[in-house]
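Topology and contacts: notes
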Amino acid sequence: GEAKRQQLAAQEAEKRAKQEQEKAKQKELDAMNAQERAEKMRKEAEQERDAAKQKMEDAQREANEAQERAEEATREADKKRLEAEQLRKEARAREKKAFEQEAASTRKLETIQKEKAELQKDAKALSKVKEDLEKANQEKKKFEDAYKKAEADLKAAIAEKK
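These lines cover the structure that appears in this document, whether it is placed above or below. Per chain, residue numbering runs from 1 following the sequence as it is written. It should be noted that, the model being predicted, local features are given only for residues of pLDDT at least 70 and side-chain atom pairs only at 80 or more, the latter also being counted only at that level, while totals for whole chains, interfaces and linings use all residues. Just so you know, side-chain values use all the structure's heavy atoms and leave hydrogens and water out.

**Focus: the overall build of the protein**
Put simply, DSSP marks the helices as runs of H or I at least four residues long and the strands as runs of E at least two long, and each gets a number from the N terminus on. A count of helices and strands for the protein gives one helix and zero strands. Computed over C-alpha atoms, the radius of gyration of the protein comes to 68 Å, more than 25% over the 15 Å expected from 2.2 N^0.38 for 162 residues, which places it beyond the range of a compact globule. We call a residue buried when its accessible area falls under 20% of the maximum for its residue type, exposed when it is over 50%, and partly exposed in between, using a 1.4 Å probe and counting protein chains only. Residues classed as buried in the protein amount to 0% of the 162 residues present. A total of about 15800 Å² of accessible surface is found on the protein, and carbon and sulfur atoms cover 55% of it. Residues scored as positive are Lys and Arg, those scored as negative are Asp and Glu, and His as well as the terminal groups of each chain are ignored. Working definition for charges: the position is that of NZ of Lys, CZ of Arg, CG of Asp or CD of Glu. Between the mean site of the 44 positive side-chain charges and the mean site of the 41 negative ones, the protein shows a separation of 5 Å. C-alpha atoms define the radius of gyration in this analysis, and the globule rule sets the expected value at 2.2 Å times the number of residues to the power 0.38. Using the Shrake-Rupley algorithm and a 1.4 Å probe, accessible areas are obtained, with residue cover drawn only from the displayed protein chains.

Below, the structure is given as structure tokens:
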């Protein structure tokens, strides 16, 4: 009976060893599965991280481009503002010049009109002098005619006496 009991005990021990071996194998499989899952999760996390990094870089690039466009637009606007300011200055200068020219023309015109009035006065005075001169000439002629007549009368009287 003792050999039988030992044989049973040996079989039992072998059975337990086999079970332990199966458990160990299962644990190893579970560990491998867990490792695979962990690896898979690590890869997925890395992909998510890379995608997020890419998104961030894209957003950063877009922000930079928008900033550059805004700066360019600002520069353009400043340039346009300076051009407009320059055009305004030039227009003001032309307006001032035109105003000054008009004022000068007006003064010139006034001077010409004054001179014309003076000339008209001079012409009237000259006309009067001319009239006076003609009257004086007529008077002179009358006197000359009267003198000639008197001279002729005197000659006639002298001739009659002889």
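Once the structure has been displayed, the description carries forward.
**Quick word on the pattern of salt bridges**
One side-chain nitrogen of Lys or Arg within 4 Å of one carboxyl oxygen of Asp or Glu is enough to make a salt bridge. Using the criterion set out here, one finds 17 salt bridges in the structure. Here Arg5 ties to Glu2 by a salt bridge, and the two come within 2.5 Å at their closest N and O atoms. Of this pair, Arg5 and Glu2 both sit in helix α1 (residues 2-161), three residues apart, roughly one helical turn. Here Asp50 ties to Arg49 by a salt bridge, and the two come within 3.3 Å at their closest N and O atoms. Its relative accessible area of 52% is what places Arg49 among the exposed residues. Among the ionic contacts, a cluster of salt bridges with common partners joins Glu39, Arg42 and Glu46.

**Here's the deal with the environment of Asn33**
Tracing the sequence through the fold places Asn33 in helix α1. Along the chain, Asn33 and Glu22 lie 11 residues apart, while their C-alpha atoms are 16 Å from each other.

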